[in-house]
Amino acid sequence: MKVGVPKEIKNNENRVGMTPSGVAELTRRGHQVFIQHTAGEGSGFVDGDYEAVGAQILPTIEDVYREADMIVKVKEPITPEYALVRRGQVVFTYFHFACEEELTHAMLKSGSTCIAYETVECDDHSLPLLIPMSEVAGRMATQNGAYYLQKTQGGKGKLMAGVPGVKPAHVLVLGGGTVGEASARIAAGMGADVTICDVSLPRLKQLAAELPANVHTLYSSVHNIRKELPTTDIVIGSVLIPGYAAPKLITKDMLSLMEPGTVLVDVAIDQGGCFETSHPTTHSDPVYTIDGIVHYAVANIPGAVPNTSTIALTNATLRYVLALADKGWQQACHDDKALARGVNMVDGACTYEAVAKVWGLDYTPLVL
């Protein structure tokens, strides 16, 4: 199969779809790999690294899309790429269709086969291709929250750990999944007082047993969240309903419950955000303030640490990329139910029920 890896063109997205190590596995199996010129530089991989393992370097993004049977990316195609995606081409990337109506219709119109990393789902409901980036995003959510808590960045001017005689900052984490757990661990390691919320009592029990002593668990309800907000310094939103838009756990009226300089970090912004006042920001312009509350809502948080993120992502995606290349997407999905659940669109039809519901589309169950 001809596999193409274009350069990411989303704002400040420095990750790349595959490492040279991953490419080496594809070429070793006889596949052709086309890498766009300088695609890997932001992650620390130069063209020569790819050429050394058998890839061919192409000068433009148009060349890569034209040559490839399958595109392997990090982020969803954006407007300049829509016309490059063609019927029958497999596009394997993060899509987050539930919060991108224009993208949804563009990919349906293209007739391509869209396989979304975020909806590849195992029988135990784990999300193997979302986990590595969630681990990065969770760790960075706390780092960024602590940075913007500084007075010079618009925050309250509090130190996460406090000092002897001064209480530490209070961090509220909404959602006890991969992002939430990672955020809580880093916040606890920085010395903060941490509360993590979830609606699953078994998950709260697990978190209580595994997380440090300065992390406290709380059942997630509107009442409980509202009670926490007046004494909270950083709120990290990390809720996820696979394929659907994130629920709004912090509404606009709740901002008045918080002290000025409180920092909201919305890691769920890829799925529409879990704060009502959130809108996507970028690494070049990451924050804005509403009613004195600092909002950080960068839609590609792991893009700030692209070397770590690219390696972690390829570690997770490679087995699926190899299966798709070796067998073709239909046989690969027939053999692997988790991968089949990742198929969101085929030949102009929406094959993922949650996306169809969000945008009022006809749902066509995937037939293999």
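Everything that follows concerns the structure shown earlier in this document.
Residues numbered from 1 in each chain as written. Predicted model: local features only at pLDDT ≥ 70, side-chain atom pairs only at ≥ 80, totals over all residues. Heavy atoms only, no water.

Side note on the overall build of the protein
- The helix and strand inventory of the protein stands at 13 helices and 15 strands.
- Principal axes of the C-alpha set define a box for the protein whose edges measure 65 × 45 × 35 Å.
- Taken over 368 residues, the protein has a buried fraction of 55%.
- Excluding contacts between residues fewer than 6 apart, the proportion of contacts in the protein whose partners are at least 24 apart in sequence is 63%.
- Summed over its atoms, the accessible surface of the protein is roughly 14900 Å², and 53% of this surface lies on carbon and sulfur atoms.
- Counting 29 positive and 40 negative side-chain charges, the protein places the centres of these two groups 4 Å from one another. (Helix = DSSP H or I, 4+ residues; strand = E, 2+ residues; numbered from the N terminus. Buried < 20%, exposed > 50% of the residue type's maximum accessible area, 1.4 Å probe, protein only. Contact = heavy atoms within 4.5 Å. Areas by Shrake-Rupley, 256 points an atom, 1.4 Å probe, with all protein chains shown as cover. Lys, Arg positive; Asp, Glu negative; His and termini not counted. Charge placed at Lys NZ, Arg CZ, Asp CG, Glu CD.)

Here's the deal with helix α6 (residues 131-148)
- Here α6 is 18 residues long and its end C-alpha atoms lie 25 Å apart, about the 26 Å a rise of 1.5 Å per residue gives.
- Of all 18 residues in α6, 13 are buried; the element is thus mostly enclosed. (Expected span 1.5 Å × (residues − 1).)

Side note on helix α10 (residues 306-327)
- When the terminal C-alpha atoms of α10 are compared, their 30 Å separation across 22 residues agrees well with the 32 Å that a helix rising 1.5 Å per residue should span.
- Of all the bends in α10, the largest measures some 45° and sits at Thr-317.
- Backbone geometry just downstream of α10 places Gly-328 in the positive-phi region, at approximately 85°. (Bend = angle between axes of the 7 residues up to and from the residue.)

A word on the packing of helix α1 (residues 20-28) against α10
- At their nearest, the axes of α1 and α10 sit 10 Å apart, and the two run at 20° to each other. Between α1 and α10, the angle falls in the class roughly parallel. The two elements α1 and α10 meet at a crossing, and its hand is right-handed. On the side of α1, the interface is formed by Gly-22, Glu-25 and Leu-26, while α10 contributes Thr-314, Leu-318, Val-321, Leu-322 and Ala-325.
- For the contact of α1 with α10, the residue count by class is five nonpolar, two polar and one charged. (Axes fitted to C-alpha atoms, helices over the stretch in contact; angles between N-to-C directions. Parallel < 35°, antiparallel > 145°, perpendicular 65-115°, else oblique. Left-handed = near helix turned anticlockwise from the far one by under 90°. Nonpolar A, V, L, I, M, F, W, Y, C, P; charged D, E, K, R; others polar.)

Topic: the sheet that holds strand β5 (residues 90-93)
- One open sheet accounts for eight strands, arranged β3-β2-β1-β4-β5-β6-β14-β15; its pairing is mixed. Looking at which strands have only one partner, the edges of the open sheet turn out to be β3 (56-58) and β15 (349-350).
- One ladder, built from two bridges, connects strand β14 (residues 343-346) with β15; its direction is antiparallel. In the sheet register, Val-346 faces β15, and the bridge partner there is Ala-349.
- Its contacts with the sheet put helix α5 (residues 101-110) on β6 (113-116), β14 and β15, and the angle it makes with β14 is roughly 50°. (Pairing = 2+ DSSP bridges.)

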